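Working through the structure, step by step
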Amino acid sequence: MFRFLLKRLIVGIVTLWVVTVVVFGIFTIIPGDPALVYAGKDPSAEVLAGIRAKLGVDKPLPEQYATFMKGVAVGRDFPTGPKMVHCDAPCLGYSYKKDVPVLGLITRALPITATMAAGAALLWLLGGVSVGVLSALRRGTFFDRIAMTISLAGVSLPVYFTGLIGLSVFVYQLQWLPAIDTNSPFGNPFDPVQTFQSFILPWVVLAFLYAASYARLTRTSMLETMSEDYIRTARAKGLPERTVVTRHGMRAALTPIVTMFGLDLGALLGGAILTEYTFGLQGLGKQALDAINKFDYPLIMGTTLFAAFFIIVANIVVDVLYAFIDPRVRLS
Amino acid sequence: MTTSPQDAILGAGPVDPTATPPEGVDGTPGGPPAEPKIEGRSPWALAWMRLRRDKVAIVSGTVVILLFLIAIFAPLLARLAGQDPNLQPDDPSSVLDPSGFPLGSFGGISGEHWFGVEPVNGRDLFARIVYGARVSLLISLLATMVQIAIGVVVGIIAGFVGGWLDNLLSGLVNVLLAFPIILFGIALVTVADSVNRELLLVLLIGGFSWPYIARIVRGLVLSLREKEFIEAARSYGAPTWRIMLRELLPNLVGPILVYSTLVIPTNILTEAAFSFLGIGVREPQSSWGGMLSKAARGFYQDDPMFMIIPGVMIMVTVLAFNLFGDSVRDALDPKSSR
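Residues numbered from 1 in each chain as written. Chains lettered and ligands numbered in written order. Predicted model: local features only at pLDDT ≥ 70, side-chain atom pairs only at ≥ 80, totals over all residues. Heavy atoms only, no water.

**So, the overall build of chain A**
Heads up, the rule is: A helix here means a DSSP run of H or I that spans at least four residues, while a strand means a run of E at least two residues long, and both kinds are numbered starting from the N terminus. Categorising residues by exposure relies on relative accessible area from a 1.4 Å probe, with only protein chains included: less than 20% of the type maximum marks a residue as buried, more than 50% marks it as exposed, and the intermediate range marks it as partly exposed. In what follows, residue pairs with any heavy atoms lying within 4.5 Å of each other are defined as contacts. With residues, only the protein chains shown are counted as cover, and all accessible areas are computed by Shrake-Rupley using a 1.4 Å probe. Residues scored as charged are limited to Lys and Arg (positive) and Asp and Glu (negative), so that His and the chain ends carry no count. Charged side chains are reduced to one point each, which is NZ for Lys, CZ for Arg, CG for Asp and CD for Glu.
From N to C terminus, chain A includes 15 helices and 4 strands. Viewed in the frame of its principal axes, chain A has a C-alpha envelope of about 85 × 60 × 35 Å. Relative to its 332 residues, chain A shows a buried fraction of 46%. A fraction of 65% describes how many contacts in chain A between residues 6 or more apart in sequence connect residues 24 or more apart. Put simply, chain A shows about 16,400 Å² of open surface, and 66% of that area lies on carbon and sulfur atoms. Between the centroid of the 28 positive side chains of chain A and the centroid of its 21 negative side chains there is a distance of 9 Å.

**With respect to the interface of chain A and chain B**
Quite often, the size of an interface is put as the accessible area lost when its parts meet. Using the following cut-off: Buried area adds together the accessible area that both of two parts lose upon being put together, with accessible area traced by a 1.4 Å probe. By definition here, a salt bridge exists when the distance from a side-chain nitrogen of Lys or Arg to a carboxyl oxygen of Asp or Glu is within 4 Å. Here a polar contact is recorded for every N or O atom pair within 3.5 Å, except that within protein the pair must consist of a potential hydrogen donor and a potential acceptor, and residues adjacent in sequence are included only if both atoms are side-chain atoms.
Between chain A and chain B, the contact holds 44 residues from the first and 41 residues from the second. Of the roughly 3,600 Å² buried at the junction of chain A and chain B (both faces included), carbon and sulfur atoms supply 79%. Of all residues in chain A, Y160(A), F161(A) and L164(A) give up the largest surface area on contact with chain B, accounting jointly for 17% of the area buried on that side. Inspection of the region where chain A meets chain B yields 1 salt bridge. With a closest N to O distance of 3.0 Å, D326(B) and R216(A) form a salt bridge. The interface formed by chain A and chain B includes 3 residue pairs in polar contact (both at pLDDT 80 or more).

**Some words on the domain arrangement of chain A**
Residue and element names in this part refer to chain A. Cut-off, in case you're wondering: Residue ranges assigned to each domain were obtained from an automatic or database domain assignment.
Assigned domains within chain A: domain 1 (35–95) and domain 2 (103–331). Here the C-alpha centre of domain 2 lies 39 Å away from the C-alpha centre of domain 1. Every contact between the two is made by 5 residues of domain 1 and, on the other side, 9 residues of domain 2. Between domain 1 and domain 2, a total of about 570 Å² is buried, with carbon and sulfur atoms accounting for 71% of that surface. When the buried surface of domain 1 facing domain 2 is broken down by residue, F68, L92 and S95 rank first, second and third, together holding 75% of it. There are 0 salt bridges connecting domain 1 and domain 2. Taken together, the links from domain 1 to domain 2 amount to 1 residue pair in polar contact (both at pLDDT 80 or more).

**Overview of the side chain of N251(B)**
Residue and element names in this part refer to chain B. By secondary structure assignment, the location of N251 is in helix α9 (residues 240–276). The buried category is assigned to N251, whose relative accessible area is 17%. Side-chain polar atoms of N251 contact the backbone oxygen of E247, separated by 2.9 Å.

**Considerations on unusual backbone geometry**
Phi is positive for D99(A), close to 60°, though the residue is something other than glycine. Relative to the helices and strands, D99(A) is located in the loop between β3 (94–95) and β4 (100–101).

**Details of the environment of A143(B)**
Residue and element names in this part refer to chain B. If you trace the backbone, A143 turns up in helix α4 (residues 125–161). The sequence separation of A143 and E271 amounts to 128 residues, and the corresponding C-alpha distance is 9.5 Å. A143 has contacts with V202, I205, G206 and N267, leaving out every residue within four places of it along the chain.

**Here we look at helix α1 (residues 2–29) of chain A**
For clarity, the cut-off: Here the expected length of a helix is defined as 1.5 Å per residue gap, with one fewer gap than residues.
Given a rise of 1.5 Å per residue, 28 residues ought to cover 40 Å, and the 41 Å separating the end C-alpha atoms of α1(A) matches this to within 8%. Those residues of α1(A) lying buried are F4(A), R8(A), G12(A), T15(A), V19(A), T20(A), V23(A), F24(A), G25(A) and F27(A).

**Things to note about the side chain of S140(B)**
Residue and element names in this part refer to chain B. Along the polypeptide, S140 turns up in helix α4. Using a relative accessible area of 0% as the deciding quantity, one classes S140 as buried. A distance of 2.6 Å separates a polar atom in the side chain of S140 from the backbone oxygen of S136. S140 has contacts with I264, N267 and I268, leaving out every residue within four places of it along the chain.

Set out below in structure tokens:
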């Protein structure tokens, strides 16, 4: 088990490292001169060159990469205009447009994304899995057919369409919910009621999309498991149906769900761009999107790396969880 | 993806002549000892028979064909409606109120404007919707081809050649799977501003989503390469490329077909998402995602039809492709029963 863990960890770290190389390479090569941010109007070539030298962006690419990685490991200083700004480790770069370290911007946007992802995950996991299990157990009934039809529509509807419909109906027409205060969705100071009102639509919209595919996957997996021999054995030895379904059926049927859940949650934590954009919530995805429109490459690069980090961590967690749930994985 | 790659190995492919067609297709139980009519049917013929009997397949397949016809004959349809997708009315006040919203109920739907008109500039929505089908289908289909081509080549090489090449390619797949694609894509699209947008979208969607296909194909090849017919081909000295092309590829056609039909809807959604985020095809080209994007910027409250029509188009298209893809999979896979 320990060796398995170690191997997964090493693979994860190597993958992350390759991702940093690729992301750094691409975002450094593409145009967008950070010196222009600091230079005045119509700067001369010398002025620009001077600023570039100060920022260190005139150095060869490998050297810039080494500086960047050193920043991640031990922090570094940025000569921004008049003063030096220290960026603590892990330093993911410095946003010249906003004049703050990238990591600060990321940690400021993360609570919004995390709240959205966590709430939606809870909803879709409960909803999707229970609908899927019930559908499998009542295969072919009216409930099964209705549930599968709705879930098929669910996977075919883009979040920005359901999101707009939700806003149109519940905020604009019925006015059950106030318009989302995009500047402080949590309320200022923190207000649980306002938080709930801000996030309930994004939660439901996001959860609907995922619940639909989870219900379908759970149903297929459950149907497959319930036709296994050991289920018949369990029934034959007189176990109550409830025990057969929960202990024997669901435990095995839900392992693929664990995998999918981990990966989906990891990807969402890196920013749910479409949902955040639809509702105007300033999460990681929306912030990165705005950064792109302002050519703030350090911020995009930092967010991309951060998102990749979540995906890779989720991959490792899923593999380890899987090894715990399914002993066969460990042996191979 | 609800099936594991193994499930997708289907009876398709010409390589296994000893396989008998599954029973129950033309079963003649009981009856007098009259000579049972034995008829050879290729796995493809069997799949086609199953598909034709599937009501869902018929309906969704018809919708898919209709959508293609709409895309192909978009100019004709627009002319039939007497409209031009890019023409703004000479007198905007004939279709729009002073604040830029369509006159009349339901977004200005009338005998002249079948789907109403676009807010602010008053362009005909029906014409823009049918032209939008073009963009949506063309980009997603081409992206699917790119994705399948790269995925199949990488998958076959990684699975069949193995060794360090397999490690390298599998590593590449893992790195790509860890990339936040939309974020990265947006950055690239913004930078490559002068490049043809349609081409860029095709390369972006296709170029980033092939790892899934590659993984599946690699898995299939790993199990196929241990089969006797590959050993036979090797033993008479067939070169590697020949084994890949003539022995492996035919066996992969079925699963590849299934996954193609299932990734098309995903690609349609991705294209719409890019357009929604404002980095899809450029104005005045119309796209469904772009319309929703405009609707989101302050029009959906007072002109809901402008949001509903493109949204429903996306949903119907994706749904039809999903259902048809499911049916194709069921038809090609004798084991599956829903």
